[in-house]
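Observations on the model geometry
Chain residues, written in single-letter form:
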Amino acid sequence: PRLAYRDVASATNRTTLIAAILPAGVVSVHTVFCLHTPMPPRDQRVLCALLNSFVANYLVRRRVTMHVTAGILGALPVPVRARDRDWFEGLDVAAEALLTGRSAPDAAAQAHALAAEAYGLDETELRRVLATFPLVSCGERDAVLAAFLTRTPRRSSR
């Protein structure tokens, strides 16, 4: 299995950066970039969740035209796991649930909220990011915000 992301994209799509874990033995075409660096499955799942997050998509949209190039992805800041943070474990659980199809109804909202926490956003910043996704339903955006506020009540607006 290896992490991959879609090359052809647009800043006006529902989301711009779409990543997935391709099963072992699956052939991909030139419009799907694959991870070539060996990485443990757990780290791939967490990175996949981060790349699919609204926060990462917000950052990518600022640079993309028609392609999510290796240069754009290489310039994307990726949160580093800290020992005193549990977002990594939470993202792994949410990502595995989503990737296996056994997801709880709130797994996607939890993954987006955990990614916002990992990126260090506060409530105002997350609201600003979510507002830039007009093709995402208000209900889905509200669920992300609710999950974020439940996890990080101390991270109120600045």
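Below: a short report on this structure. (Residues numbered from 1 in each chain as written. Predicted model: local features only at pLDDT ≥ 70, side-chain atom pairs only at ≥ 80, totals over all residues. Heavy atoms only, no water.)

Here's the deal with the overall build of the protein
We apply this condition: The way it works is that DSSP assigns letters per residue, a run of H or I at least four long becomes a helix, a run of E at least two long becomes a strand, and they are numbered from the N terminus. This radius of gyration counts C-alpha atoms alone. The globule rule is 2.2 Å times how many residues there are, raised to the power 0.38. Note on exposure labels: buried denotes an accessible area under 20% of the residue type's maximum, exposed denotes more than 50%, and partly exposed covers the range between, all computed with a 1.4 Å probe on protein chains only. Note on areas: Shrake-Rupley, 1.4 Å probe, and residue coverage restricted to the protein chains presented here. We count Lys and Arg on the positive side and Asp and Glu on the negative side, and we leave His and both chain ends out. Charge positions come from single atoms, namely NZ of Lys, CZ of Arg, CG of Asp or CD of Glu.
In terms of regular secondary structure, the protein is built from seven helices and three strands. Whereas a compact globule of 158 residues would reach a radius of gyration of roughly 15 Å, the protein reaches 15 Å, a difference of no more than 12%. Referenced to the eigenvectors of the C-alpha coordinate spread, the extents of the protein come out at roughly 45 × 30 × 25 Å. Here the protein holds 158 residues, and the buried ones make up 41% of them. Accessible surface computed for the protein: about 8500 Å², of which carbon and sulfur atoms make up 59%. Here the protein contributes 19 positively and 14 negatively charged side chains, and the mean placements of these two sets differ by 4 Å.

A word on the packing of helix 6 (residues 123-130) against helix 7 (residues 138-151)
A pair of packed helices is characterised by two quantities: the angle between their axes and the separation of those axes. Condition: Axes here mean lines fitted to C-alpha atoms, for a helix over just the part in contact, with angles spanning 0 to 180 degrees between N-to-C directions. Throughout this description, any angle smaller than 35 degrees is read as roughly parallel, any larger than 145 degrees as roughly antiparallel, any in the 65 to 115 degree range as roughly perpendicular, and the remainder as oblique. The crossing is said to be left-handed when, going from far helix to near helix, the turn is anticlockwise and less than a right angle, and right-handed when the turn is clockwise. In this description, contact between two residues means that some pair of their heavy atoms is separated by no more than 4.5 Å.
Interaxial distance between helix 6 and helix 7 falls to 11 Å at its minimum, and their mutual angle equals 165°. Relative to helix 7, helix 6 is oriented roughly antiparallel. In this structure, helix 6 crosses over helix 7, and the sense of that crossing is right-handed. Here helix 6 contributes Glu123, Leu126, Arg127 and Leu130 to the contact with helix 7, which in turn contributes Arg141, Val144, Leu145, Phe148 and Leu149.

Description of helix 7
We count it as follows: By definition here, a helix of n residues has an expected span of 1.5 Å times n minus one. Arc definition: it is the arc formed by the directions from the helix axis to the C-beta atoms.
For helix 7, with 14 residues, the first-to-last C-alpha span of 20 Å sits near the 20 Å given by 1.5 Å per residue. Of the positions making up helix 7, those classed as buried are Arg141, Val144, Leu145, Ala147 and Phe148. The arc that holds the buried residues of helix 7, viewed along the axis, is 160°, so those residues lie on one side. Those residues of helix 7 that are exposed and angled more than 90 degrees off the buried face are Cys138, Asp142 and Thr150. The elements touched by buried residues of helix 7 are helix 2 (54-61), helix 5 (107-118) and helix 6.

Description of the packing of aromatic side chains
For clarity, the cut-off: Two rings from Phe, Tyr or Trp (for Trp, the six-membered ring) form a pair when their centres are within 6.5 Å of each other. A pair whose planes differ by under 30 degrees is stacked, one over 60 is edge-to-face, and the rest are tilted.
All told, the structure shown has three aromatic pairs when counted by the stated rule. Ring plane angle 55° and centroid distance 5.4 Å describe the contact between Tyr5 and Phe33, whose orientation is recorded as tilted. Of this pair, Tyr5 sits in strand 1 (residues 2-6) while Phe33 sits in strand 3 (residues 32-34); the two residues are 28 residues apart in sequence, bridging distant segments of the chain. A relative accessible area of 30% places Phe33 in the partly exposed class. Between Phe54 and Phe133 the ring centres are 4.8 Å apart and the planes differ by 50°, which places this aromatic pair in the tilted class. Within this pair, whereas Phe54 is found in helix 2, its partner Phe133 is found in the loop between helix 6 and helix 7, the two being separated by 79 residues in sequence.

Notes on the environment of His67
Tracing the sequence through the fold places His67 in the loop between helix 2 and helix 3 (70-75). Expressed as a C-alpha distance, the spacing of His67 and Val55, which sit 12 residues apart in the sequence, is 18 Å.

Thoughts on helix 5
Relative to the 16 Å expected for 12 residues at 1.5 Å per residue, helix 5 spans 16 Å between its end C-alpha atoms, a close match to the ideal helical length. Across the 12 residues of helix 5, 10 count as buried, placing the element largely inside the fold. When we look at burial in helix 5, the residues that qualify are Ala107, Ala109, Ala111, His112, Ala113, Leu114, Ala115, Ala116, Glu117 and Ala118. In the core, the buried residues of helix 5 are packed alongside helix 1 (41-52), helix 2, helix 4 (87-100), helix 6 and helix 7. Two residues or fewer after helix 5 comes Gly120, characterised by a positive phi angle close to 80°.

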